[in-house]
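These are the residues of each chain, in order.
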Amino acid sequence: MTWLSVAFKNLARKKVRSLLTIGGVAIAVAVLVSLLGFDAGYQRALTGNIDKMGYQVLVTAKGCPYEAATLMLQGGGGLRYMDEAIYEKIVKDPRIEKITPQLVATAFDKERQGGQGGVVLYMGIDPSYLALKPWATFKTGGWFSGDEADEAIMGYEVAELEQRLPGDQIFIPNVDKVLKVVGIFNRTGTQDDGVIFLPLKTAQRIFGLPGKLTGIGIKLKDLGTLGDFEEDLYNEPGIQVISMAQVKGTIFNLIASARTMTNAVALIAVVIAVIGVINTILMSVFERTKEIGVMKAIGASRLDIFRIIWMETTLICLIGGIAGDMMAIAGTHAVEFILRRVLPYAPSGQLVFITLRLLGISFIGAVIMGLIAGIYPAFRASSMRPVEAIRLGD
Amino acid sequence: MDDILIKAENISKVYRLPAEVIRAVRDVDLEIRAGEFIAIMGPSGSGKTTLLDILGCLDRISSGKLGILGRDVSRLKESSLVGIRRGNMGFVFQDFLLIPTLTALENVELPLLFARLPSGRRKAIGLLQKVGLGHRMGHLPKQLSGGERQRVAIARALVTSPKILFADEPTGNLDTKSGDQVFHILKGLNQKDGLTIVLTTHNNKLGSQAGRVVYLKDGSVVPREESSLYA
Ligand SMILES: Nc1ncnc2c1ncn2[C@@H]1O[C@H](COP(=O)(O)OP(=O)(O)O)[C@@H](O)[C@H]1O
Ligand SMILES: [Mg+2]
């Protein structure tokens, strides 16, 4: 016989009560894991999304109605334009590793979303786009035949949506223009999947914006020079510089209130679970006053009693921790689904990211919770004096 | 003399209640020698249980001097008394007080866990066989009769090989037949194994079989004639 079996048999005595308490712990742990997993996953997905833009700095026309979520959603487009001359000037900067000019335009397509209509994004690009985004590879077809060709490359999702293949034609509604599809990109998991690309010069021509750009994406050789680089560009008139780090910060601020709330929910769940555990164990200690007295009479020291009660509490939390971890894993998709409804902005990719490390930490956390919750009941039990306990109810 | 296991000199136990002061044990002098079989008798409320608890180091005295195995325990706290109980004293209670979640065998093994003695399953099995319960080892207390439970309790008290066995009204909750059976076992332990036994009882017939009877009245030791049990 072992200490553990004595403790375990006590829990098995009131099965329903023990299971309910374990359930409380499990829910608290599951909530905690899901929310921490969300915290980590969101950050990771967002960072992944921003890294996949390929650039660390975006230069746009000043006064561009820029706001992080829209910017992200539109793949870096405001609706103000700057002169190509700025591009010619910046491109010579030795700190730049890669740079790509782009012109974003939108059109309203009445056919989209089952007749409801929707915004279609067009982006004029040149070959430097591919250099900046090496993951933008072709599923079928290839690059434009010339830099003024009336051709289009479609993002993966928009090609699926419009059921187009290379050789097909697409129609741009508000400028009455027909383009020939020459290529379709593979899925990148970014907003670019929903964009229709044209040669930069073609875009400038058909949207009536000759010599204009909406943005310049820039990747630096050394991120350490970012501060200086931005500083220099501040002096250029008519433009604004947005670093992706800033964008990330803005989005985090956007979801800060959601995070505060979810953290509060997690905290409340943990507190309720701890109170539940203390209550259950304390109740069972009082019910067993006589038994505890007998154990002392037959040789148990204070520490022995403390140990048994402490083990019971920790066992509850340990089992609850395992169950909670399993619940969290099983519930990942449901939580992800709900979060996507609730959040103001959700990057593509896995939102709830549960790692082994997170599971390990939550499990250890549950055990520590048990150790803490057990102190008071164990202390109460160990303080009982044997005669008084035995004589109780005589 | 070194065969004196317990030497009580002028010991008293006082309970201070809000309304009154109860002197449950008054100025008791008592010596208990190895191998004795002592019955403490007296009417209800005369202090039998209190005296037994004190001698068994379950409770502390209020005044006087108590020596156990040559050691003065008069001023020891509960945390030190547990060390004296462990290995030296076994206890049997009127209402058995087995641990309901543990089987008969586990109940008997439990004191070994507390005493940090290596698993004594064989010893526990041997003791259960000795009290005639070799066929009931896997039973839970609720699956046993009163007499059987008390016999499990005796095996539990013996497993750490104590020098003294204390039994508070061990037959008090049993029918005559089971009570006689339990008493017979205790007597056998004393006579065959030389175990020192101190018990309390209401039962004149059983008390008269003890080697020595200590009569209590209102917490004091009195001659047999003064005891109200003398009839
Ligand atoms: N914890 C206690 N507090 C107050 N009085 C007590 C307590 N325990 C016992 N007594 C009193 O001490 C006296 C002796 O009790 P007890 O030793 O149980 O007698 P017996 O076992 O002979 O019936 C009784 O008057 C009883 O009420
Ligand atoms: Mg009594």
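Residues numbered from 1 in each chain as written. Chains lettered and ligands numbered in written order. Predicted model: local features only at pLDDT ≥ 70, side-chain atom pairs only at ≥ 80, totals over all residues. Heavy atoms only, no water.

Draft legend 1. View of the interface of chain A and chain B. Each partner contributes residues to the interface: chain A has 26 residues there, and chain B has 27 residues. With both chains or domains summed, chain A and chain B bury close to 2500 Å², and 65% of this area falls on carbon and sulfur atoms. Across the salt bridge formed by Lys290(A) and Asp95(B), the nearest N and O atoms sit 3.3 Å from each other. On the surface where chain A and chain B come into contact, there are seven residue pairs in polar contact (both at pLDDT 80 or more). Secondary-structure elements contributing two or more residues to the side of chain A that touches chain B are α1 (3-13), α10 (289-297), α11 (302-330) and α14 (386-391) of chain A. (Contact = heavy atoms within 4.5 Å. Buried area = accessible area lost by both parts, 1.4 Å probe. Salt bridge = Lys/Arg side-chain N within 4 Å of Asp/Glu carboxyl O. Polar contact = N/O pair within 3.5 Å; in protein donor to acceptor, adjacent residues only side chain to side chain. Helix = DSSP H or I, 4+ residues; strand = E, 2+ residues; numbered from the N terminus.)

Draft legend 2. Focus on the nonpolar core. Of all hydrophobic cores here, the largest spans 76 residues; its most connected members are Met295(A), Ile6(B), Leu55(B), Leu66(B), Leu110(B) and Phe166(B). The element that contributes the greatest number of residues to this core is α11(A), accounting for eight residues. Contact partners of Met295(A), with chain neighbours within four places excluded, come to Val6(A), Ala300(A), Ile305(A), Ile308(A), Ile99(B), Leu110(B) and Phe114(B). (Core = buried A, V, L, I, M, F, W, Y, C linked by side-chain atoms within 4.5 Å. Buried < 20%, exposed > 50% of the residue type's maximum accessible area, 1.4 Å probe, protein only.)

Draft legend 3. Examining the domain arrangement of chain A more closely. Partitioning chain A into structural domains gives domain 1 (3-48 + 255-393) and domain 2 (63-237). The gap between the C-alpha centroids of domain 1 of chain A and domain 2 of chain A is 51 Å. (Domains from an automatic or database assignment.)

Draft legend 4. Here's a closer look at the site of ligand 1. Looking at ligand 1, there are 13 residues lining it, with Arg391(A), Gly45(B), Lys48(B), Thr49(B) and Thr50(B) nearest. Positioned at a junction of chains, ligand 1 has nearby residues supplied by chains A and B. Within the side chain of Arg391(A), a nitrogen or oxygen atom sits 2.8 Å from a nitrogen atom of ligand 1. Take Lys48(B): an N or O atom from its main chain is 2.9 Å from an oxygen atom of ligand 1. The protein chains hide 68% of the 560 Å² of surface that ligand 1 would expose on its own. (Near = heavy atom within 4 Å. Areas by Shrake-Rupley, 256 points an atom, 1.4 Å probe, with all protein chains shown as cover.)

Draft legend 5. Looking closely at the sheet that holds strand β5 (residues 71-72) of chain B. Residues and elements named next belong to chain B. Reading across from one edge, β2-β1-β4-β5 is the order of the four strands in this open sheet, with antiparallel pairing throughout. Two strands close off the open sheet at either side, each with one partner strand: β2 (21-33) and β5. Looking at chain direction, strand β1 (residues 4-16) and strand β4 (residues 63-68) are connected through five bridges and run antiparallel. When the bridges of β4 are listed, Glu9 appears paired with Lys65. (Pairing = 2+ DSSP bridges.)

Draft legend 6. Broad picture of the pattern of salt bridges. As enumerated under the stated definition, the model contains 34 salt bridges over all chains in all. Here Asp53(B) and Arg391(A) are joined by a salt bridge, their closest N and O atoms 3.7 Å apart. Note that Asp53(B) is positioned in helix α1 (residues 48-55) and Arg391(A) in helix α14, a pairing that runs across two chains. When its relative accessible area of 30% is taken as the criterion, Arg391(A) is described as partly exposed. By sharing partners, the salt bridges in this structure join Glu148(A), Asp150(A), Lys177(A) and Arg205(A) into a single network.

Draft legend 7. Up close: the packing of aromatic side chains. Applying the stated criterion to the full structure yields twelve aromatic pairs over all chains. Considering the side-chain rings of Trp3(A) and Phe114(B), the 5.8 Å spacing of their centres and the 50 degrees angle between planes classify their relative orientation as tilted. Of this pair, Trp3(A) sits in helix α1 while Phe114(B) sits in helix α3 (residues 104-114), placing the two residues on different chains. Take Trp3(A) and Phe114(B): they sit in the same class, and that class is buried. An angle of 80 degrees between the planes, with centres 5.4 Å apart, marks the rings of Phe185(A) and Phe197(A) as edge-to-face. Highlighted residues: Phe185(A) in strand β8 (residues 177-185) and Phe197(A) in strand β9 (residues 195-199), separated in sequence by twelve residues. Like Phe185(A), the residue Phe197(A) is buried in the burial classification. Here the aromatic residues Tyr129(A), Phe138(A), Phe185(A) and Phe197(A) are joined through ring pairs into a cluster of three or more. Cation over ring: Arg44(A) sits above Phe353(A), and NZ or CZ is 3.7 Å from the ring centre. Arg307(A) extends its terminal NZ or CZ atom over the ring of Trp3(A), reaching a point 4.4 Å from the ring centre. (Phe/Tyr/Trp six-rings, centres within 6.5 Å; stacked < 30°, edge-to-face > 60°. Lys NZ or Arg CZ within 6 Å of the ring centre and 35° of its normal.)

Draft legend 8. Geometry of the environment of Ile206(A). Residue and element names in this part refer to chain A. Within the secondary structure, Ile206 sits in helix α7 (residues 200-206). The exposure class of Ile206 is buried, given its relative accessible area of 14%. Once the C-alpha coordinates of Ile206 and Ile172 are considered, the two residues, 34 residues apart in sequence, prove to be 9.7 Å apart. For Ile206, the contacting residues outside a window of four places in its chain are Ile172, Val175, Lys177 and Leu198.

Draft legend 9. Focus on helix α8 (residues 226-234) of chain A. Residues and elements named next belong to chain A. Within the sequence span of α8, burial applies to Leu226, Phe229, Glu230 and Leu233. Considered in projection along α8, the buried side chains sweep an arc of 95 degrees and stay on one side of the axis. Residues of α8 that are buried sit in contact with β1 (57-61), α4 (84-90), β3 (96-109), β11 (215-220), β12 (239-243) and α9 (244-287). (Arc of directions from axis to C-beta.)

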